[in-house]
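# Overview (structure and organization)
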Amino acid sequence: MSAAVTLIFAECVAAGMERVRTEHEFPMATTPTAITEVEIHPDVALVERAKAGDVSAFETLVKQYDRQIFRVAQHITQNREDAEDITQDAFLKAYQKLDQFQGNSKFSTWLVRIAVNESLMRLRKRKTSKTVSMDEDVHTEEGSIPRDFADWSPNPEQLYNQGELGDILRKTINGLPPGFRTVFTLRDIENLSTEETAEALGLSVPAVKSRLLRARLQLRERLSRYFRQKKESTA
Amino acid sequence: MTCTDFLSKMTDYFDGQVQPEFIEEVRAHLCECSHCEVVVNTTRQTIEIYKDHEIYELSTETRDRMHKAIMAKCAECR
């Protein structure tokens, strides 16, 4: 980044501006005065303050993302204590490596990537053959071809109480291969974009789309069996 | 459009990224294929039900404990 652009950027961050106009870093020869709109995420200012030693700014980021990081770790490890440890380790690692965060991606995506790596490392440490790889079982087509064509009516929330439904949702998503479960978690539960999910997991965009489709179809198929059973037993 | 063709585009369909030239084909297929219509509706419900239910909740006490532990570790490494 040029000194001028860095200066404009720093001034805008200091002023708390969320949307600024800045000169294009490498203006094309034919349009030397080209102006590009750049959106600055509010987290950027917090990260800059934390880098400068403001611990309260980092604490704000912790409060903002702790639940998300915990959920991601819990979905991958399926263990509450591990998820709590991973949440702490991920934030500590992020704090130690703040200088390496260049702002090319969202802070939250960078943090999720750290948490995913920590979670996978934790699984490897368990030394079990189960769920140590994001690529495990992703080539299976089981459940990816729809077989159940019954509508869910009335709504599942009307058929089950909160506790029962929670158990079904946990049991069902835990049955997915880790490579599918993690993509579904980031994309559909945590609302990361396809591109952000790809970046956080080190996958290509087509790979994320393929896994997401199969994850959604497998979950639908498995939930459908529950809801159909419930409907039939209450009929 | 066959059901297999539709399924291959379903992720893009949910994300509003189906190429314009295929949108009418997708809509026409959904109008005439009750199976794919059910698959779309129940898949959408699947996504919504997971979005709406926090299946791994963190209590206030646990969050407070984690915050303190995180900030204490950060203070140690300064």
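Going by the structure above, here's the rest.
Here is a short report on the structure shown in this document. (Residues numbered from 1 in each chain as written. Chains lettered and ligands numbered in written order. Predicted model: local features only at pLDDT ≥ 70, side-chain atom pairs only at ≥ 80, totals over all residues. Heavy atoms only, no water.)

## Section: the packing of helix α8 (residues 178-189) of chain A against helix α3 (residues 34-52) of chain B
To describe two helices that pack against each other, one gives the angle between their axes and the distance between the axes. Heads up, the rule is: To obtain an axis, a line is fitted to C-alpha atoms, over the contacting stretch when the element is a helix, and the angle between two such axes runs from 0 to 180 degrees between their N-to-C directions. We count a stretch as a helix when DSSP gives it H or I for four or more residues in a row; a strand needs E for two or more, and each element gets its number in order from the N terminus. Angles are sorted into four bins: roughly parallel if under 35 degrees, roughly antiparallel if over 145, roughly perpendicular if 65 to 115, and oblique for all others. We call two residues in contact when some of their heavy atoms are within 4.5 Å.
Taken N-terminus to C-terminus, the directions of α8(A) and α3(B) make an angle of 80°; their axes are 10 Å apart at the nearest point. Regarding the angle of α8(A) to α3(B), the classification is roughly perpendicular. Packed against α8(A), whose contacting residues are F184(A), D188(A) and I189(A), the element α3(B) presents I47(B), Y50(B) and K51(B) at the interface.

## Things to note about the state of the cysteines
Residues and elements named next belong to chain B. What counts here: Sulfur atoms of two cysteines make up a disulfide when they are within 2.5 Å. Residue burial is assigned from relative accessible area. The probe radius is 1.4 Å, only protein chains are included, and a residue is buried under 20% of its type maximum, exposed over 50%, and partly exposed in between.
Tallying each qualifying case throughout the model produces zero disulfides over all chains. Cysteine C31 shares no disulfide, and the gap to the nearest cysteine sulfur, in C33, comes to 11 Å. What makes C31 exposed here is its relative accessible area of 72%. Free of any disulfide, C33 has its nearest cysteine sulfur in C3, 3.7 Å distant.

## Overview of the interface of chain A and chain B
So the rule is basically this: The term buried area refers to how much accessible surface (probe radius 1.4 Å) is lost by two components on association, counted for both of them together. Here, a salt bridge means any side-chain nitrogen of Lys or Arg that lies within 4 Å of a carboxyl oxygen of Asp or Glu. Pairs of N or O atoms are called polar contacts if they sit within 3.5 Å, as long as, within protein, a hydrogen donor faces a hydrogen acceptor (for residues adjacent in sequence, only side-chain-to-side-chain pairs).
On the side of chain B, 38 residues touch chain A, which itself brings 51 residues to the contact. Approximately 4400 Å² of surface area, both sides summed, lies buried where chain A meets chain B, with 64% of it carried by carbon and sulfur atoms. When the buried surface of chain A facing chain B is broken down by residue, Q88(A), F149(A) and R216(A) rank first, second and third, together holding 15% of it. Taken together, the links from chain A to chain B amount to seven salt bridges. In this structure, the connection of chain A to chain B is made through 17 residue pairs in polar contact (both at pLDDT 80 or more). Those elements that provide at least two residues to the side of chain A that touches chain B are α3 (55-77), α4 (80-96), α6 (156-159), α7 (162-174), α8 and α10 (205-234) of chain A.

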